[in-house]
Amino acid sequence: MIPEIGQFSLILALMLAIAQGVLPLLGAHRDDATMMVAGRSAAMGQFLFVAVSFACLTWAFLNSDFSVLYVANHSQLSLPTMYKVSAVWGAHEGSLLMWILLLSAWTVAVAKFSKGLPQAFSSRVIGVLGLLSVGFLLFALLTSNPFDRLVPPPADGGDLNPLLQDPGLAIHPPLLYIGYVGFSVAFAFAIAAMISGDLDQRWAKWTRPWTTVAWMFLTLGIAIGSWWAYYELGWGGWWFWDPVENASFMPWLIGTALIHSLAVTERRGLFKSWTLLLAITAFSLSLLGTFLVRSGIIVSVHAFATDPTRGFFILSFLAVVVIGALILYAWRAPSLDSDAGFSLLSRETFLLLNNVLLVVAAALVLIGTLSPLVIELLNGGKISIGPPWFNIAFIVPMLPLIVLLGLGMHTMWRVQAKETWFNPLKIPALIAVVLGIVVPWIFYGRITVLLAAGCIAGFWIIGSSLVLPIRSLLREKGAAGITRSALGMSIAHLGMGLFVIGVTIVSAFNHESDQALRQGGTVEVAGYEFELRELRDVQGPNYSAIEGLVEIRKDGDYVGTLRPQKRQYLVQKNWMTEAGIHVDWNKDLFVALGDQIGEGAWSVRIQYKPMIRFIWFGALIMALGGLIAVTDKRYRSKEPVAPKKSKGKGGRKRKVAAEGAQ
Amino acid sequence: MNRYLWPLVAVIALIVFLVIGLTRGDPRALPSPFIGKPAPQFVLPTLEDPSVTVGSEQLSGQYSLVNVWATWCGGCRTEHPFLMDLSRSGAIPIYGINWRDNAPEAKRWLQQLGDPYVASGFDEDGRVGIDWGVYGAPETFLVDPQGIVVYKHLGPLDRTAWERDFVPLISGGGK
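Rules and cut-offs
Residues numbered from 1 in each chain as written. Chains lettered and ligands numbered in written order. Predicted model: local features only at pLDDT ≥ 70, side-chain atom pairs only at ≥ 80, totals over all residues. Heavy atoms only, no water. Helix = DSSP H or I, 4+ residues; strand = E, 2+ residues; numbered from the N terminus. Rg over C-alpha atoms; globule rule 2.2 N^0.38 Å. Buried < 20%, exposed > 50% of the residue type's maximum accessible area, 1.4 Å probe, protein only. Contact = heavy atoms within 4.5 Å. Core = buried A, V, L, I, M, F, W, Y, C linked by side-chain atoms within 4.5 Å. Pairing = 2+ DSSP bridges. Axes fitted to C-alpha atoms, helices over the stretch in contact; angles between N-to-C directions. Domains from an automatic or database assignment. Phe/Tyr/Trp six-rings, centres within 6.5 Å; stacked < 30°, edge-to-face > 60°. Lys NZ or Arg CZ within 6 Å of the ring centre and 35° of its normal. pLDDT = per-residue confidence, 0-100. Salt bridge = Lys/Arg side-chain N within 4 Å of Asp/Glu carboxyl O. Expected span 1.5 Å × (residues − 1). Bend = angle between axes of the 7 residues up to and from the residue. Parallel < 35°, antiparallel > 145°, perpendicular 65-115°, else oblique. Left-handed = near helix turned anticlockwise from the far one by under 90°. Polar contact = N/O pair within 3.5 Å; in protein donor to acceptor, adjacent residues only side chain to side chain.

Okay, the overall build of chain A next. Secondary structure assignment for chain A yields 19 helices and 10 strands. Computed over C-alpha atoms, the radius of gyration of chain A comes to 27 Å, within 12% of the 26 Å expected from 2.2 N^0.38 for 662 residues, which places it in the range of a compact globule. Principal-axis analysis of the C-alpha atoms places the extent of chain A at approximately 80 × 70 × 55 Å. The buried share of chain A, reckoned over its 662 residues, is 61%. When contacts within chain A are restricted to residue pairs at least 6 apart in sequence, those whose partners lie at least 24 apart make up 73%.

So, in structure tokens, the structure goes:
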């Protein structure tokens, strides 16, 4: 009965989504306030019914209702409760339902926080979001119904893929989807502005916080996904250039470009048509990612079950949405070009270069992701070109981006005087060069050109990001020194610097070693001794495992004990490696059990990963920067930004300088 | 043409391409320029023991398969069980070229999933892959007793492809 309620709610949600997609757009066109208000109510109702539907599916999982096909395939009686909940979004149908839930939640948030916007504009935004909901609801109901029944129900379910039975994976998809779906808001703002043809700087101001929030969640989602792959896949890598990873990374790159381009549009009224195009592209790539992952068109280690009808549906939807948006764009964009100029040495130039490089990076990732398909169409086999290509291709646009990033932060809008330009950056540049060479050389004992370039780049970003906060701290106490936007930007860039350092050091100085170990045996890797003290059998709720007790010592001193496991899950019978990881701020020691090789001996993979934490920590700091930037007070005011009141000449000057950094 | 139309053109091209990708049947492999030519020369250290080498000389005297694989390649994981079956049946010796990979990971892969290869050469920088005209992994070459490449299969090898494309060449070539 409950699953039927879920199914029925989903159908009602579709009806309301249609109303939400049609009424406000029509109302805005005819200037009919009643219809526009009705759109908001429909959005609330849609959210309510989708939430009921989601709750019903969760109920079916919690009660192990195996008469529901999706539950029977992805759950099992002895599955821990936490994973019964996360199994709701553990596969295609449920994750699609979660996508819809998040989309309607974003819509409600837009409806609630957009009261300060002109009614016609916010109504169009809600209408566009409603049309997107219609597409996804149809997708769910027609091809991917999570409530399909299975008669007769089996006694027990097929279990959730053991790879997904992990806390990291429980929160990774929701965060990622909040980010993906969040770009639909930027998309809807762009469409609404193009429909009305009224695209001024206020539009950019309204769009910015939404985009930043979406970007922030996407950053977190990708970082947690990478962290999960690191410890759960048991290989010790943190990025595999897998099509599914690329599917989330391309919107991130374009979203990052969009954030920067929006800054130019808001402050200077420039790049309008370009910003629109990025807003459309960011969301289109989210859709493309969905298509690639769910259609089975590309081989991936974690692609969803493949079904050509789903592929066709999502591709048609993508075609309608993107082609529609781009026709609108081709019609409206030509009238948006601004004649405001900027000199060659200005912040505008740097942000333009930032955009070009990020778009190039995204294009390279797209080419790499689609290339197996091109080859397949030419030759008829599913093959992949793999990480070696990506690693090289990706560095090419990234290194110049990093150098320019540090410079751009300290360049004025419109025109920057050459004489004073580099002054504040001399010290950070010097520190970066010295540290970038000394740190790898002294601490890790080796230096190469690429290694020095990576470290200098990382320290350069960190140093140049700290200039603004430090200056405002030294010269003036209190809030006027640096705006939240400027502070958020500095912090996000700081996170980027930490990330670059982490990637560089771990790629260069990572040690790994496969060893055969007997009970009581000891091996040394990267100066650490690893002793396999004991092997024992342990029993989990739905798996049995062999656990090794590995003691780590350095120069005879105790460092820690690890408990790597080799688990066999009882239902699906597959073996999973649970790595034991000793975490420190500047290194990970990673031990994974391989296979038994002969009596009492095991193959053990031991890895030393210096600075790997900086990769995820850096991403976390980037997201924190986004959060701080969103809290800037000018996003809360309902009126257009009023001219700032001057507090004496000196105060104003500093403030302008700090704001220049946004 | 209006420059604002270019994104639209690009997207339509991409969508057409994806539609073709989705509707493709099972197009047969195009002939490789290497087919009918002697197998490119190579000598590679084996994964198991870098002091031992495997090379093109071992390929003559009987039909053999040369399989290009890597741990980062999804299709390789797909075809691996079939390679194991084929190896167990003793139908044909399989030589591996572990292409642009990481040696510890590759060894681990063979330990965990089983090793269907007589030997796997470790082609770390992909040079041998270039000589063999490898686009990506997995690819499988059939080499005849005279050391001539007679067939190339792109993508995961399975029983259907094996019986349809390889078996006739092997049994037909023996007369």
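What chain B contains, in helices and strands, is five helices and seven strands. In sequence order, chain B lays out its α and β elements as α-β-β-β-α-β-α-β-α-β-β-α. Projecting the C-alpha coordinates of chain B onto the three principal axes gives extents of approximately 65 × 40 × 30 Å. Of all 175 residues assigned to chain B, the portion counted as buried reaches 49%. A sequence separation of at least 24 residues applies to 71% of the contacts in chain B between residues at least 6 apart.

Looking now at the nonpolar core. Ranked by internal contacts, the top residues of the largest apolar core, which has 183 residues, are F121, F136, F187, F189, W203, L253 and Y329 of chain A. The dominant element in this core, judged by the number of residues it contributes, is helix α7 (residues 167–196) of chain A, at 18 residues. Residues within four places of F121 of chain A in sequence aside, it is in contact with F189, A192, A193, W203 and W206 of chain A. Ranked by size, the runner-up nonpolar core spans 41 residues in total, among them V54, W69, F141 and W162 of chain B.

All names here are of chain A. In spatial order, the strands read β1-β10-β9-β8; together these four strands make up an open sheet with antiparallel pairing. The sheet terminates laterally at β1 (511–518) and β8 (580–584), the two strands that pair on one side only. Between one strand axis and the next, the sheet turns by 15 degrees as a mean value, whatever way the strands run. As paired strands, β8 and strand β9 (residues 587–596) are joined by five bridges and run antiparallel to one another.

Another point: the domain arrangement of chain A. Here chain A is described as being made up of domain 1 (1–165), domain 2 (208–410), domain 3 (422–509) and domain 4 (511–610). Between the C-alpha centres of domain 1 of chain A and domain 3 of chain A there is a distance of 44 Å.

Our next topic: the packing of aromatic side chains. Residue and element names in this part refer to chain A. In the structure shown here, the tally under the stated rule is 39 aromatic pairs over all chains. Taking 6.0 Å as the distance between ring centres and 40 degrees as the angle between the ring planes, the aromatic pair formed by F350 and W421 counts as tilted. Residue F350 is located in helix α12 (residues 347–379), and its partner W421 is located in helix α14 (residues 418–421); the two are separated by 71 residues in the primary sequence. Comparing F350 with W421, the two get one shared label, buried. What links up through ring pairs into an aromatic cluster is the set W215, W239, W241, F249, W252, W389, F390 and F394. Sitting over the ring of Y528, K554 keeps its end group 4.4 Å from the ring centre.

The next thing to look at is the pairing of β9 of chain A. Residues and elements named next belong to chain A. The buried fraction of β9 amounts to eight of the 10 residues, a majority that puts the element mostly inside the structure. Here β8 folds back onto β9, and the loop between the two strands holds two residues. Bridge analysis of β9 against strand β10 (residues 601–610) gives eight bridges, and the strand direction is antiparallel. What sits directly across from F590, in β10, is Q607.

This part is about the confidence of the model for chain B. Residues and elements named next belong to chain B. Averaged over all residues, the pLDDT of chain B equals 82, while 90% of them reach at least 70. Of all helices and strands in chain B, the one with the weakest mean pLDDT is helix α4 (residues 127–131) (78), whereas strand β3 (residues 64–69) scores best (92). Here residues 25–31 scores under 50 on pLDDT; set against residues more than four positions off or in separate chains, the count is 12 contacts. Scoring the predicted complex yields pTM 0.81 and, for the interface, ipTM 0.79.

Further remarks concern the pattern of salt bridges. All names here are of chain A. Here the structure, examined in full by the defined rule, presents 22 salt bridges over all chains. Between R605 and E512 there is a salt bridge, and its shortest N-O distance comes to 3.6 Å. In this pair, R605 sits in strand β10 while E512 sits in strand β1, placing the two residues 93 residues apart along the sequence. Of the residues examined, R605 reaches a relative accessible area of 0% and is grouped as buried.

Okay, the pairing of β10 of chain A next. All names here are of chain A. Taking burial as the measure, the 10 residues of β10 include 10 buried ones, the bulk of the element. With burial as the criterion, each face of β10 is covered, one bearing A601, S603, R605, Q607 and K609 and the other bearing W602, V604, I606, Y608 and P610. Between β9 and β10, which pair antiparallel in sequence order, lie four residues; one of them, G598, sits at a positive phi of approximately 85 degrees.

It is worth spelling out the sheet that holds strand β5 (residues 119–123) of chain B at this point. All names here are of chain B. Across the sheet, five strands lie side by side as β5-β4-β3-β6-β7; this open sheet has mixed pairing. Lying at the two open borders of the sheet, with one neighbouring strand each, are β5 and β7 (149–154). Across the sheet, the mean angle separating the axes of adjacent strands is 20 degrees when strand polarity is ignored. Relative to β5, strand β4 (residues 94–99) runs parallel, the two sharing five bridges. When the sheet's bridge partners are listed, W99 is paired in β5 with D123. Where helix α2 (residues 74–89) meets the sheet, its contacts fall on β3, β4 and β6 (139–143), and the angle it forms with β3 comes to roughly 155 degrees.

A rise of 1.5 Å per residue sets the reference length of helix α16 (residues 449–475) of chain A, with its 27 residues, at 39 Å; its end C-alpha atoms lie 38 Å apart and thus fit the reference within 8%. Most pronounced at V467 of chain A, the bend in α16 of chain A amounts to some 35 degrees, and the proline P469 of chain A follows within four residues.

Once that is clear, we can look at the packing of α7 of chain A against helix α8 (residues 201–232) of chain A. Residues and elements named next belong to chain A. Between α7 and α8, whose axes approach to 7 Å, the crossing angle comes to 155 degrees. Of the possible angle classes, the one that applies to α7 and α8 is roughly antiparallel. In the crossing of α7 with α8, the sense of the turn from one axis to the other is left-handed.

Residue and element names in this part refer to chain A. Here Q76 lies in the loop between α3 (69–74) and α4 (81–86). Exposure remark for Q76: the relative accessible area of 6% places this residue in the buried category. For Q76, the side chain forms a polar contact with the side chain of S78, separated by 2.8 Å.

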